[in-house]
Amino acid sequence: MTDQLHETLKDIKAKFRLYMNGVVSQSMREKGLDYKLNFGIEYPRIREIAAGYEPGHELAQALWKENIRECKIMAGLLQPVDSFYREIAEIWMEDIHNSELAQYTVMNLFQHLPYAAEVVFCWIADEREYFQLCGFLLMARLLMNGMTLNDRAEAEFMDQAFTALESDSLQIRKAAALALCKFGSQSRENMKKLGKPLAVLSKSQRPGVSAIAEEIKNEAEYCR
């Protein structure tokens, strides 16, 4: 690490300390957000601090390596997409252990990657929980941004998403439901394609599954 990069990291951490919120930090720890250090700073403030620094690959990578909540969120804000290769994306994914970081990293970085539409199908099919979570969150973003699926991609997406709706992981169920909502809201034709599998799910005896099927139907109709 260069002296300049070391000083920049010190400067960022000093700013974080100014805005530390112990009550929020404690609450996050109690909810399972496990970091070496968590300043409890709200996202708009992290984004505001990040705006004072030039985006750069070395800085973003150094921030991500810190086991500090705010550093990891800021890394996604400062990482340029052109030097963020797929292998690096997968290294980052292995280091994501909560839904908050997954959501911010997908929103700030992953959805802008030139290869996002390629990796999203690998991720939603991955057996690792946070790969799958990021995959469905990314799919929701891409569909919201107007990505359309050909017949093969559509069949694969729906198969993976409806399987995920019966996952043991609540956060994967929610992310898959969100992606299906965005798919359904693209067109009346897409909404029709969801009709039959949603009708089957709405009769499920598994706790919460029928409710999530109704939620997808209502949300997609509302978004249209």
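Refer to the preceding data block for the structure.
Here's a quick rundown of the structure. Please read all numbers here as calculations on a predicted model, not as lab measurements.

Conventions we followed
Residues numbered from 1 in each chain as written. Predicted model: local features only at pLDDT ≥ 70, side-chain atom pairs only at ≥ 80, totals over all residues. Heavy atoms only, no water. Helix = DSSP H or I, 4+ residues; strand = E, 2+ residues; numbered from the N terminus. Rg over C-alpha atoms; globule rule 2.2 N^0.38 Å. Buried < 20%, exposed > 50% of the residue type's maximum accessible area, 1.4 Å probe, protein only. Contact = heavy atoms within 4.5 Å. Areas by Shrake-Rupley, 256 points an atom, 1.4 Å probe, with all protein chains shown as cover. Lys, Arg positive; Asp, Glu negative; His and termini not counted. Charge placed at Lys NZ, Arg CZ, Asp CG, Glu CD. Expected span 1.5 Å × (residues − 1). Polar contact = N/O pair within 3.5 Å; in protein donor to acceptor, adjacent residues only side chain to side chain.

**Quick notes on the overall build of the chain**
Argument step 1. Secondary structure summary: the chain contains 13 helices and 0 strands in total.
Argument step 2. Going from the N terminus to the C terminus, the chain shows its helices and strands as α-α-α-α-α-α-α-α-α-α-α-α-α.
Argument step 3. A compact globule built from 224 residues would reach a C-alpha radius of gyration of about 17 Å, and the chain, at 19 Å, matches this within 12%.
Argument step 4. With respect to the principal axes defined by its C-alpha atoms, the chain has extents near 60 × 35 × 30 Å.
Argument step 5. When each of the 224 residues of the chain is scored for burial, the buried share is 50%.
Argument step 6. In the chain, the share of contacts with a sequence separation of at least 24, taken over all contacts with a separation of at least 6, comes to 67%.
Argument step 7. Carbon and sulfur atoms form 50% of the exposed surface of the chain, whose accessible area is close to 11,800 Å².
Argument step 8. Counting 27 positive and 32 negative side-chain charges, the chain places the averaged centre of each group 5 Å from the other.

**Focus: helix α9 (residues 129-144)**
Argument step 1. With 16 residues, α9 should cover 22 Å at 1.5 Å per step; its first-to-last C-alpha distance of 23 Å lies within 8% of that length.
Argument step 2. Among the residues trailing α9, Gly146 stands out with phi positive, at a value near 100°.

**Quick word on the side chain of Ser25**
Argument step 1. Inspection of the secondary structure assignment puts Ser25 in helix α2 (residues 22-30).
Argument step 2. With a relative accessible area of 2%, Ser25 lands in the buried category.
Argument step 3. Within the structure, the side chain of Ser25 is placed 2.9 Å from the side chain of Arg29, a separation counted as a polar contact.
Argument step 4. Beyond its immediate chain neighbours, meaning those up to four positions away, Ser25 contacts Asn38, Phe39 and Gly40.

**Looking at the environment of Phe157**
Argument step 1. By the secondary structure assignment, Phe157 is in helix α10 (residues 151-164).
Argument step 2. The buried category is assigned to Phe157, whose relative accessible area is 0%.
Argument step 3. Residues in contact with Phe157, not counting those within four places in the same chain, are Phe121, Ile124, Phe136, Met139, Leu143, Leu149, Ala179, Leu180 and Phe183.

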